[in-house]
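Residue strings, one per chain:
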Amino acid sequence: MAAIGPGLVAAAGPAGAQPAARAVKVGVLRAPDAPLFRRVRAGTSEEIARLAAELVRLRMDAIVAIGPAAVRAATGATKSVPIVAVDLESDPMAERFVTGLARPGGNVTPGEPAPRCRGGGADGARGALVGGGAGARGDRGRLPVGGEHAGGGDAGAPEFAEEGGLIAYGPDVPDMFRQAGDVMVKVLRGTPPSEIPIERPARFELVVNRKTAASLGLTVRPSLLVRADRVIE
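Right, let's walk through the structure included here. (Residues numbered from 1 in each chain as written. Predicted model: local features only at pLDDT ≥ 70, side-chain atom pairs only at ≥ 80, totals over all residues. Heavy atoms only, no water.)

Looking at the packing of aromatic side chains
- One pass over the full model with this rule turns up 1 aromatic pair.
- Summarising the aromatic geometry, the rings of Tyr169 and Phe204 are spaced 5.7 Å apart at their centres and angled 20° between planes, so their arrangement reads as stacked. In this pair, Tyr169 sits in strand S7 (residues 167-171) while Phe204 sits in strand S8 (residues 204-209), placing the two residues 35 residues apart along the sequence.
- Residue classification places Tyr169 among the partly exposed positions, given a relative accessible area of 47%. (Phe/Tyr/Trp six-rings, centres within 6.5 Å; stacked < 30°, edge-to-face > 60°. Helix = DSSP H or I, 4+ residues; strand = E, 2+ residues; numbered from the N terminus. Buried < 20%, exposed > 50% of the residue type's maximum accessible area, 1.4 Å probe, protein only.)

See the structure below:
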């Protein structure tokens, strides 16, 4: 709860009041398809569903569900315990997690499919444009960004550039969890999840890897370097 925890210190009471003495119990459910944050490791949807049911049985005040599978499991396990979802993959309307973006309804206030990279070198590909969801983050070690298949990569997760991709632009993950913490504070202070609008990531990060650019014989324009949040030399 590193990113969420600080926001919970005064969460039990109204704004400006001293926090109540009652302990707040928040369960964190992390799915295998969401390697951004960890409370549990589970290999199947059945295991995630079992863990979600356990959190409900333990009478959590709220649940943080991280990743599509965790959100599905949590919503399947309870319609009364508030759920704060951190999910970059799903369309919350299409998945029926919520009934609206401005007023979600129900007890949840919360993409793209995971890519699989194989055979790019054999096809002569020298670069790839990769989505930035959690599944992509989990598979980033497979991207052909080094060795015999060294190539450019433009991806939606900042970590890609750290591991050899050319350019990455995507949500600032620590800030995303701070957002989730702010939402959790509202929930624990009594605001129904059904009345808290769905939020998109507020901050994004541009990372440029000049080492990769040099290995490809490319020159990164100074105007892009100036705009970058981080440059890997």
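Text resumes after the structure shown.
A closer look at the nonpolar core
- Residues Leu29, Ile63 and Ala65 are the most contacted members of the largest nonpolar core, which totals 20 residues.
- Among the elements of the structure, helix H1 (45-57), strand S2 (62-66), helix H2 (68-77) and strand S3 (83-86) are those that each provide at least two residues to this core.
- Setting aside its immediate chain neighbours within four residues, Ile63 contacts Gly27, Leu29, Leu55, Val56, Val81, Pro82, Ile83, Val84 and Met184.
- Counting 16 residues, the second largest nonpolar core, distinct from the first, contains Val84, Phe177, Ala180 and Leu188. (Core = buried A, V, L, I, M, F, W, Y, C linked by side-chain atoms within 4.5 Å. Contact = heavy atoms within 4.5 Å.)

A look at the sheet that holds S3
- In space, the 4 strands of this open sheet follow the order S1-S2-S3-S4, with parallel pairing throughout. At either margin of the open sheet sits one strand with a lone partner, and together these are strand S1 (26-30) and strand S4 (108-109). (Pairing = 2+ DSSP bridges.)

Some details on the pattern of salt bridges
- Within the structure shown, the criterion is met by 5 salt bridges.
- For Arg72, the salt bridge is made with Glu95, and the minimal N-O distance between the two is 3.3 Å. Note that Arg72 is positioned in helix H2 and Glu95 in the loop between S3 and S4, a separation of 23 residues in sequence.
- Between Arg230 and Glu205 there is a salt bridge, with the nearest N and O atoms lying 2.7 Å from each other. Here the residue Arg230 occupies a position in strand S9 (residues 230-232), and Glu205 occupies one in strand S8, the gap between them amounting to 25 residues. (Salt bridge = Lys/Arg side-chain N within 4 Å of Asp/Glu carboxyl O.)

Regarding the environment of Glu46
- Tracing the sequence through the fold places Glu46 in helix H1.
- Sequence separation between Glu46 and Ala73 is 27 residues; the distance between their C-alpha atoms is 8.7 Å.
- At 3.4 Å, the side chain of Glu46 forms a polar contact with the side chain of Ser45. (Polar contact = N/O pair within 3.5 Å; in protein donor to acceptor, adjacent residues only side chain to side chain.)

Describing the pairing of S8
- When you tally the buried positions in S8, you get 5 out of 6 residues, the bulk of the element.
- With 5 bridges connecting them, S7 and S8 associate as antiparallel partners. The residue of S8 that forms the bridge with Pro171 is Phe204.
- As paired strands, S8 and S9 are joined by 3 bridges and run parallel to one another. Each bridged residue has a counterpart across the sheet, and for Val208 the counterpart in S9 is Val231.

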